[in-house]
Structures are given as structure tokens and as C-alpha cells.
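# Chains, contacts and geometry: an overview
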Amino acid sequence: MKNRSTCITGILCFLSIIATAQNKTGKISGVITDADAQAVESATASLQRAKDSALVKVAVSDKYGLFEFDNLAEGEYFVTVTAVGFNKQRSKPFKLSGTSPYKLPSFQLQKSAAKTLGEVTVTGKRPLIENKIDRMVVNVEAAPTNAGASALEVLEKSPGVTVSNEGEISLKGKQGVRIMIDGKPTYLSPADLANLLKNLPASALDQIEIMTNPPARYEASGNSGIINIKTKKSLNEGLNGSITIGGTVGFLKRHDTWYSPVRGNSSLNLNYRKGKWNLFGNFNYNYREGKGNLDLTRRFFEKDGSLNSTSASMSNFSFRGINQTVKMGFDYYANKKNVFGVVVNGFGFFGRPAPQSIQTISRADGSTEQVLNSRNINKNNFFNYSANFNYKHTFDSAGRELTADLDYIGYNNNAKNTLITDIYDGYGNALGHLTLFGDIPGIINIYSAKSDYVHPLKNNLRFDAGFKVSYVKNDNEVKYERNNDGTWKPDDRSNHFIYQENINAAYVSLNKKWKKWSGQAGLRMENTVAKGKQVTNDSTFTRNYTSLFPTMYVNYEVNKSHTFTLSYGRRIERPNYQDLNPFIWFLDSLQYRQGNPYLLPQYANNFELRHTLKGKYTTTINYTITDDVISQLLKQNTEKRITFLTADNVARFKNIGLAINAPFTVVKNWNVNLFVNVFNNRYEGVYYNSFTGKNDPIDISYTSALVNVSNTFSFKKGWSGEVSGFYRGKTIEQLTIADPMYFMNLGVQKTVIKGKGTVRLNIRDPFHWQQFKGRTLYSDIDVKIYNRWDNRNITATFSYRFGKTSIAQARKRNNGASEEQNRAGGGQQ
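The shown structure was predicted, so the numbers you read here are calculated from the model rather than taken from an experiment. (Residues numbered from 1 in each chain as written. Predicted model: local features only at pLDDT ≥ 70, side-chain atom pairs only at ≥ 80, totals over all residues. Heavy atoms only, no water.)

### Remarks on the layout of surface pockets
- What the second largest pocket holds in volume is close to 220 Å³.
- Taken together, 14 residues make up the lining of the second largest pocket; nearest its centre are Leu372, Ile423, Leu434, Ser589 and Leu590.
- Looking at the lining of the second largest pocket, the elements with two or more residues in it are strand E29 (368-394), strand E30 (401-425) and strand E31 (430-457).
- Of the residues in the lining of the second largest pocket, the class split is eight nonpolar, two polar and four charged. (1 Å grid on protein atoms, 1.4 Å probe; cavity = no way out; pocket = protein on both sides within 12 Å on 5 of 7 lines; lining within 4 Å. Points joined across faces, edges and corners; volume = space filled by probe spheres on them. Helix = DSSP H or I, 4+ residues; strand = E, 2+ residues; numbered from the N terminus. Nonpolar A, V, L, I, M, F, W, Y, C, P; charged D, E, K, R; others polar.)

Structure below.
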């Protein structure tokens, strides 16, 4: 009966389509942009008959400015376009005939004069912050202080986002956020991801999307959500592009001496659209110098708790590096229903960091026992290359579509490190000399395939489903040699580690809308098969586990002013490949970092309730509980005065917070966006003290506040400015109590050359407020941290756009590589 009913329904639908096609086969499409060729979303396009102006259909533009009318009878029409903050625009009358689709000339809307409507000031400029149903959007170019900045610095200014002393990114006080670029995960460990984002210029960015509770179609990884960095894409027909050049000078005072490291960046973006082909490419070149200081004070204790000794180290970091990024690709529109695309990327980094440190070991009475002078000579070459093939098939105009992606990503890291240490007694007499050389090659290969299917059904119901398969092989080797007496000998800390992982995932999701209610429920299943092998000692481990990840959203619109949204999602955070690697990386002879191949994944349950007032003021209450938290953990050997950093599953983590985001206008041409987040973090767990042989409890809790403020100013004759700031109160970062941190930015910009050019000047942290201070205190660990770097700087940039301004339709491209890239290690500073 069910099959017969389905068959009859299909025949009737087929006959209906044929009947309709006899009279209504026409189709009209168009694109709406502003004067700068940026897409205008949510504009209203009204199709009217030419003879009597009768309304035929209404469409709303999507995020790419696209709109479409279909199933139209032949005749003469015109289209009227309206959008908040812009003047109304009307097309010339045109005739629709035959079956060929009619493509309208692009609508380039002009900004309307600002009009005050009660408490709301309407302007045509893209706002810095936009609040949408499932995400918050940051428009990068709306802030002049982003000129010359890196992607990491732009993230640091974004509402709810913080960057730790080690470069790990947190969202609303929770760590474990996943970073994607153009819908494609970055496959890097936190430290290496931070290095990559430092070298990605803000001039290449369009928007940043912040999702605290992503739906089921996204990978389940990432405890605190997903941040998607969207790069610029051109909608213009013909040949067009942009070029940006800029320079930065930093200022850092160290031991009464001023240092001024310099940086330079340049980028070229090209796009060519003609007929069925869209070709695109870009190239970025960056040169970076930098300096910084890291002071660590470590205290060692006897088993009875009395002080054994103290170690005070002062490290000076100097680095210089060059990185180059290239991206090329094309889209081929075979017909109305099928689109094929290819994208290839390449990234090369050539870094020469050269840290030096002086470490003084003192007895309990304060007298000097030993002094160690260490210097590192590093040569780091890191390459990343990737290729993506994507396909999209559109079944009908109702939105039913199938997409598929095939991805390959490779990393090749070649690091050579020489650590030279001179040892002296408390009186300055030489005790010894040590040279350690390390050759650390690493290769990661990642393959993935995914497909997504979207099917709108009757009665405002939508069905989504998809799958993904990925395979990763991580082959790392470290070869250490020691020179004590003029002879090079193999060091027993050499190692060879091979890690292989296969993840198989599938999901289904249903979305339903009623009059005032809407809901979405999804379920994702992920199976993980992993195998690790230490070749040196012939030890292996295997893991095979399957997990379910439900998601749920309920939205209720009380009236036009008040909307409530309740969401829930279960997430997983797998160990990144760098943390699984058991190798040792030295800071100096007594301080190093070591991986842990026995790490387990951590699981989180996220709850969120959000209230939206008048479509822009949001208040959010969130609660997260995470089991088997992966934490960066300090361990030490009191007898040898050695301290090392590793990762371990040590605790349960709880986070509860209240966040408010409020954009408002103070006076005409002065707009403010205020974000405030008050949250409490608590870690509860056990730490094994190898010195005493006991399990010591961990119970660390702190309530903190995070504030982001951005003031933007619009002036006459193309001038605009910004004053923005950030404050993060005392909080917990990876079991470390971090002192308050804050900074401010000043920026101004001017459009020139008839709006095609932009000159920007940015002063970052002019008073050098941003410094990190913290203390790690649990069990027998007592370490004080003080870190300063050259974040005080002045940047000047010039950008110029060239080419045609007629607009063609853009394709929404979402690459298929998964969360594995977030977990890959390799990039160095």
C-alpha cells in the first residue's frame, strides 16, 4: 500500500509539473549588492507586472545577495528592490519569453541617509556585529583597527573569544573551540593553529561566524563550538581583484633597551567570471620579526612539604620568519542543476626562532646553587598542501540538493634544533658544557570523503542527512644526538611514532516550522578506529569506539520583539596529534614539553537558553559539563629540578555563564557594540604525585568576566575610525590561575581613488597593557608565569580594488575536510 501510494503521488506530481510547464516555465534571477560590491542579505525583491504594477511574487536575497523567481508565465515585468538602510531601486521593464531564464542586471544599492526610528538608527553600512538565529557574525572590514592585523588578533577582539598565553582559543570561557576556514577545518593543534592565524592577514577575511552549539551536520568535535573564518570572494563578472600592502613596527622595552621588530605583508586576489566558468586565486606574502620575554619561577618541595629549592628562569625570544600562501581553483557550472569545483592550497613557512634563557637554581636559604645559560638555534620549515574536489546537484527550485566533497591534506614539517647549555656553580665557575642536536621530521596525510543531502518537505518540514569517512596517517620521528666531550653520541630520548586513525560518521536531522514555533532535532553517529605504534620500543595501542551525538533546538517567537531559543548538544574533543606524540621538545635543559599517547577523548554536554530582543539584543545563559577533560598539565622531578608540560585526562570541568550582546547608537555616526560575559569555571579531579606516590585532589574554581567593546565612528569625505577594547578578569586557563588581561586599539581609515582604494592606520595596545601573569598551584606544583611580547605596534596598509563591477551569481562552497586538521601538529613559529 505504501509503495502504491508513493507511486501514485509521483505520477500526479509529474503530470502537475508537465501541466504547469506548458504555461509557466519562466525563471528570473538577480543579485543585490551595495556600492562596494558586497552582497546585501535579506533584501526584498518584488516582481510586478509592467502593465498594471500588480504584485506577482516576492523573494528575499540570501547571504550572497541572490534571489530568484520561477514558474512564471510569459509577459512583461519589472522588479523593485528594498533593503533597510538603502534607497529603493527599480529595474527597467523587461519581457520574459520562452524557456530561457532571464538574468537581471545587478542591483547596486546606494546608502540612504541615516534615519532615527525611536531607539534604532538605520544606516547602510555593514554593522560590526550581526546576530542570527544560530550564530553571531563579525564583519571584519567594519573595524578600521583590523587593518594590518592578523586573523588571530581579529579573533581576540571578537565577542566571547579569548586567546590564552599558549595561543589556545576559548569561547565564553570554554576551551576546545574548532576553527574552520571557509567551512573547512584547519587540522592543527592549538599552538600550531595560533602560529598559522598569526600569519593570515585580516585583509583576506570577510566575516567570522561564531556558533556555540552547531547542528548535527557539523562534526561533533569541539566542546565550546565552532568558529568559521570566511575569506573574501568576488561576485564580479569579468576580471577583477584587489591588492594590499602593509607594514608594522612593534615596540618592546626589555632591560631598559627598546626593540622595534618589523613586519610586512602583501596580498593579491584575482577572480575571473565568464559564462559557465569561475576562476579564482590569491597569493599572500608575510615577513615577521618578533621579540618577547618569559619569566618562570618554580618551587620544589620535600615530601614533608618544606621548601627544597627554587628555580628562576628568564627567557628572551627572538624570531623571524617568512610565510607564503597560495590558493587556486575554479567552478564549472555545467548546467542549471550541476556544478563542479576544484580548489588547491599551498602554505610554506620558514622560521628561525632563537630563544635564550638564564636559569638560576637557589637553595632553600636563598643561596645560588647553579646557573644554566641556554640558547636555542632553530631552523623550522613547514609545508601544508591540500586539494578539494566538490560537486553540487540541485534537484529543483524548492531547495532539494546533494553535495559531495573529496579532500586530501598533507603536512610536511622539518625542524632542526640545537640546544647549547653552559653550567656554572654559585660562584661563576664552569661546571660543564652540553650540546644537544635534534632532527625532527614529521609527515601527516589526511584523506576524507563526505556527502550531504537536503530535502525540503511539505508543511515547512526539512530533512537533512549525510555521511563522512576520513583516514589519517601521522608519521613522526625525532633523532637526538648529544655532545658532551667533543664526540657526538645518540641520545636515548630519540623516538619514532606512527599514528593511524579512521573515523566513520553519519547523521540525520529534521527541521520543522510552525506559526510561532520552530524546532530542529538531529543525531550524529561517529565510529573511531585508532592505532598507535612507537617503533623505537615496539609498543602499540589500539582503540575502537562508537559514540552518539544528539542535538536539539527549540525556537519560540513571542512577538516581533521577543524570541526565545533553547538548544542542547553533545560534543567530543579528541586529542590532537601533537599531544598524542610522545616526543620531547626542549625549552632549555630543565624545561620541556612531552606528548602522551594514552590520552582519551573528552565528552561535553552543552545547554543554552537565549533571549533576543528586537532582533539584535541577546541574552544567553549557558551550562556545560565535560568529563575526562584533556588538560595541559605541569609535572616535575624534584631531585633533578626538571619541570615538563604534558597533556592528561585529569578532571571534570563545569562551566556556567551569562552573556549579553548589545549594539546601540550613542549619537549619529557613533555606533557601539558591547559584549559582556560573566562565567564560572571549575575543575575537579586527581593528580598523581610521582614524588610522594600519592593521588592529590584538584579542585580549582573561579568566577570571571569578559568584556568586549567596539566604538565605530563615521565622518564625512570617506573618513571613519574605531576605538575598541578588551578586558578579561582573573580566571582559570588549563589549571593555571591567570591574572586580569586587557588592551585597547585605535584605528582610522580613509577611502581614496573614487572609493576603490582604502588607507588604514592602526595603533594596537598603545600603552602595552596586554601582558600575561599567572600561577599554577596544585599538589607539589608551584609555578609563577610572566610573559610579555611585542603586541604594542603601529600598522599602515593600503588596499586597492580593480576590475569590472557587474555582478554575477556566486556559488556557496563548503569544503568537506573534517575536524582532523584541527588536531594535526607541525607548524612552528
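Still to come is the rest of the account.
### Here we look at the pattern of salt bridges
- Evaluation of the coordinates by the stated rule reveals 24 salt bridges.
- When the shortest N-O distance is used, the salt bridge between Arg263 and Asp790 registers 3.1 Å. You can see Arg263 sitting in strand E24 (residues 262-274) and its partner Asp790 sitting in the loop between strand E51 (781-789) and strand E52 (793-803), a full 527 residues away along the chain. Each member of the pair, Arg263 as well as Asp790, is classed as buried.
- Among the ionic pairs, Asp295 bridges to Arg788, the shortest N-O distance being 3.7 Å. Here the residue Asp295 occupies a position in strand E25 (residues 277-301), and Arg788 occupies one in strand E51, the gap between them amounting to 493 residues.
- Accessibility expressed as a relative area gives 21% for Asp295, which makes it partly exposed.
- Here Arg788 falls in the buried class, since its relative accessible area comes to 13%.
- Overlapping salt bridges bring together Lys654, Arg682, Glu684 and Asp699 as one network. (Salt bridge = Lys/Arg side-chain N within 4 Å of Asp/Glu carboxyl O. Buried < 20%, exposed > 50% of the residue type's maximum accessible area, 1.4 Å probe, protein only.)

### With respect to the pairing of E51
- Pairing geometry for E25 and E51, over seven bridges, is antiparallel. Note that in E51 the partner of Leu296 across the bridge is Ile785.
- The sheet contact formed by strand E50 (residues 772-778) and E51 spans seven bridges and is antiparallel. Among the inter-strand pairings, Phe772 is bridged to a residue of E51, identified as Asn787.
- Between E50 and E51, which pair antiparallel one after the other, the connecting turn spans two residues, and Ser779 there sits at a positive phi close to 50°. (Pairing = 2+ DSSP bridges.)

### Brief notes about the pairing of strand E21 (residues 238-250)
- Pairing of E21 with E24, which is carried by 12 bridges, proceeds in the antiparallel orientation. Opposite Leu239, over in E24, you have Tyr272 as the bridge partner.
- Strand direction decides the pairing type here: E21 and E52, joined by 11 bridges, are antiparallel. Bridging across to E52, Ile243 finds its partner in Tyr800.

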